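# Chain and residue survey
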Amino acid sequence: MTDTRSQSTNVEQFDAEAVNAAWARKPLYEARKKIFPKRASGQFRRFKWLIMLVTLGIYYLTPWLRWDRGPFAPDQAVLVDIANRRFYFFFIEIWPQEFFFVAGLLVMAGLGLFLVTTAVGRAWCGYTCPQTVWVDLFLVVERAIEGERNQRMKLDAAPWSFNKVAKRVSKHAIWLMIAVATGGAWIFYFADAPTLLVNFVTGNSQPIAYITVAILTATTYVFGGLLREQVCTYMCPWPRIQAAMLDENSLVVTYNDWRGEPRSRHAKKAKAEGKVVGDCVDCNACVVVCPMGIDIRDGQQLECITCALCIDACDAVMDKLNKPRGLIAYATLSEYADNMSLATAGGTEPINPSLVRNADGSFLDKVQHFNWKILLRFRTVLYFSIWALVGIGLLVALGARDRLGVNVLHDRNPQYVTLSDGSIRNGYTVKLLNMIAKPRVISVSIEGLPGATMAITGIDQPEGRSFAIPVEPDRLRNLKVYIKQPPELVEPGKTAFKIIAEDKNSNEKDVYNATFDAPEDK
Amino acid sequence: MSEKQIDEISGVETTGHEWDGIKELNTPMPRWWVWTFYATIVWAVGYMIAYPAIPLINSATTGLLGYSSRANVDRDIAAAKADQSQYLDRIAQMPVEEISGHPDLLQFAVAGGSAAFKVNCVQCHGSGAQGSPGYPNLNDDGWLWGGDINAIYDTIAHGVRWEADDDSRFSDMPVYADLLEPGEIRQVAAYVYGLSGTPSDPALAEAGATIYAEQCAACHSDDGTGDVEFGAPNLADAIWLYGGTEDEIAQQVANPQHGVMPGWADRLGDPVIKQLAVFVHSLGGGQ
């Protein structure tokens, strides 16, 4: 084989290197580098402990709250009764056709998330997201068994020994126990909790209960214990969406490099040499506490869940150095940009901390600090208004909803029947809804349609215009109703009339606008 | 084996194939992929042995597991029949009028009757049992042969004018075109029309009354209310099987039409007939 091109001597030569040259090629997937977050302490950490306690408490304990609804309804405060198609939430009972309440709550949750994100950034991710809460819980276990960051790293690097096996086994065992409890708590929302617990333990529950617990155990263990920050980085769509919800006035965890740079490990020495130094002493305290494994000093990053543990870590260091807190702080991007501009003389110079400081080390008055008033701006007010509007709408609907209902299905085949005396008869399926947990007698009557009488299959009562029908508590009763009009009063075609369901004791009433069909040429 | 050829640029071994100066690099599949491929082959062979697979002339190989989708269907049908038999057995042993006293049997019978009706009866009586000219509406309260549940049962079981069954309902109205003058037929029609409403011509009707008394009252009774014993329709009500205008009545007097309904006892069996009777009786017109 001959290469004609190489024979030419006047070809242009490029100084290039193949991006994917053999020597530069790397595996497409790199193994995960383990993260060993150090325990932080400070105000945000305390706040996170509190949130963890409250959210886990709500999750695990809610199914065990009781709520007396009388003898005909379950006494579990929060219960999703799928078999009977009822949803109980304290004093509220929701029927399937009222599911819009749940949809409304979901809309409120969505808008609430937008509102919180716009105002205070990714607070959801940092504090209340189940992934964050459970990872935190799993880390507590890991620290308790394997020790603090350095010990854990040492143990991880150490060869397998009895000690290591024992620690690992007990750690995973406790993780699994937490995971089982988590999956277990979930099913209690769907059935009477004490009964279900006994049945579950004795092996008498339905397979779906065991399958659900198994799946949730697996996901909790894998997501919270093994995958951890990878869920947030690679699986969760929310960080991508959330970036679009933030603006320059949202709070984000920010490294104030206008104050910290140039960072130096030997600040005193550098200062003595006449060099400019910032407040950051490059101690990496912010890095070792980060559960996401990032360095906040690199700027805003998708991986950051704004849990503020780096703020706690840095503040502790600043306290030791007798410097003001807030080298890493919640700040808005506009505030940060102003300060940065100040520290770089409008961007013309490298960062010079002396541009933002007085001689005594205090900050210039021009330095911007977070102002709570910024929370009140068009976007947040708009989100809050819509959120509140949906909420008020739901409350109004909740207050005005009926607890008694009538639905009517008109027989279409045949539309009408001519009886031997010439009367026209129409058939209807009437559904009476008694939506309270007490038995009721509901009166069914017709209004309009002169001379018409009604007969109800299975109700032993002579034909008439009003029937008293007992309906079981919290149930729907199906009735086959025949309505008959004498020939001399029948109007040709369709005639509108009303079927009325009424509880004479409570004066509750529901009206159905029905039609009566007769031949057109009568 | 030929000598290994190495591509100069990439340093990767080539397969030795060359097209227009371009050589194919030898980039093998990942090992796991190849083994998965082999595993699917092994699986396919095992599957072929275990399950019916190879088509023969009249059948296929049966497979070691003895699986057959037809046998499965047979088993499912047998299971369904066994489930139903507890109800069907009780229905079979019970007089038809007692079924409605047992709510579970009533529900089963209405559902089963409805299904049987949809297969066997809708062709004539319509999907809502509403009938059509010549085919009775089963929702109304007019019954040629009686509307209590036993009468309905007998009609379904033995049919109407069904010559294969000796117990069949039978009625036959003479062809009055051969017996009466056309004018007389008009008179009778006017009278009969008046039985359920005002006659269009009282003079005609008056003459028709005499003819009616002589010719028709024997079956349709003196007041025109008919007789279910003979299947003679009630002429004094608003229900007309072959149309209720004066012309249609005259037509039916002159050349009566007679519908035929098969007796279903042999074909459907007693429990199904009972279910059908219960269903038809439940339509709202049962007496």
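Treat the numbers as computed from the prediction; the structure is a model and nothing was measured. (Residues numbered from 1 in each chain as written. Chains lettered and ligands numbered in written order. Predicted model: local features only at pLDDT ≥ 70, side-chain atom pairs only at ≥ 80, totals over all residues. Heavy atoms only, no water.)

Let's shift gears to the overall build of chain B. The number of helices and strands found in chain B is 11 helices and 2 strands. For chain B, whose C-alpha radius of gyration is 37 Å, the value lies well above the compact-globule estimate of 19 Å for 287 residues. In terms of principal-axis extent, the alpha carbons of chain B reach across some 120 × 55 × 35 Å. A total of 287 residues make up chain B; the buried ones form 31% of that total. In chain B, once contacts between residues fewer than 6 apart in sequence are set aside, the share between residues at least 24 apart is 53%. Accessible surface, chain B: about 17900 Å² in total, of which carbon and sulfur atoms supply 57%. (Helix = DSSP H or I, 4+ residues; strand = E, 2+ residues; numbered from the N terminus. Rg over C-alpha atoms; globule rule 2.2 N^0.38 Å. Buried < 20%, exposed > 50% of the residue type's maximum accessible area, 1.4 Å probe, protein only. Contact = heavy atoms within 4.5 Å. Areas by Shrake-Rupley, 256 points an atom, 1.4 Å probe, with all protein chains shown as cover.)

Residue-level contacts link 14 residues of chain B with 10 residues of chain A. Both sides together, the interface formed by chain B and chain A hides about 930 Å², and carbon and sulfur atoms give 50% of it. When residues of chain B are sorted by the area they lose upon contact with chain A, N139, D141 and A238 of chain B head the list and together hold 35% of the total. Applying the counting criterion to the chain B and chain A interface returns 0 salt bridges. Taken together, the links from chain B to chain A amount to 7 residue pairs in polar contact (both at pLDDT 80 or more). Here the residues of the side of chain B that touches chain A are counted per class, giving 3 nonpolar, 8 polar and 3 charged. (Buried area = accessible area lost by both parts, 1.4 Å probe. Salt bridge = Lys/Arg side-chain N within 4 Å of Asp/Glu carboxyl O. Polar contact = N/O pair within 3.5 Å; in protein donor to acceptor, adjacent residues only side chain to side chain. Nonpolar A, V, L, I, M, F, W, Y, C, P; charged D, E, K, R; others polar.)

What follows deals with the UniProt feature "binding site: heme c 1" (unreviewed entry) in chain B. Residue and element names in this part refer to chain B. The UniProt entry lists C121, C124, H125 and M261 under the feature "binding site: heme c 1" (unreviewed entry), expressed in the numbering used here. Separation in sequence by 141 residues is not matched in space for these annotated residues, since their most distant C-alpha atoms are only 10.6 Å apart. Position of C121 among the secondary structure elements: in the loop between α3 (103-120) and α4 (122-125). Setting aside residues no more than four positions away along its own chain, H125 makes contact with F117, Q130, G131, Y135, P136, L138 and M261. (UniProt positions renumbered as here; feature names shortened; annotations may be inferred.)

What follows covers unusual backbone geometry. All names here are of chain A. Residue P262 is reached from E261 by a cis peptide bond, and omega for that bond is -10°. That bond from N413 to P414 is cis: its omega, 0°, falls within 30 degrees of zero. Take P414: it is sitting in the loop between β6 (404-410) and β7 (417-418). Of note in this structure, R228 is not a glycine but carries a positive phi near 45°. Relative to the helices and strands, R228 resides in the loop between α9 (207-227) and α10 (229-235). Judged by relative accessible area, which is 8%, R228 ranks as buried.

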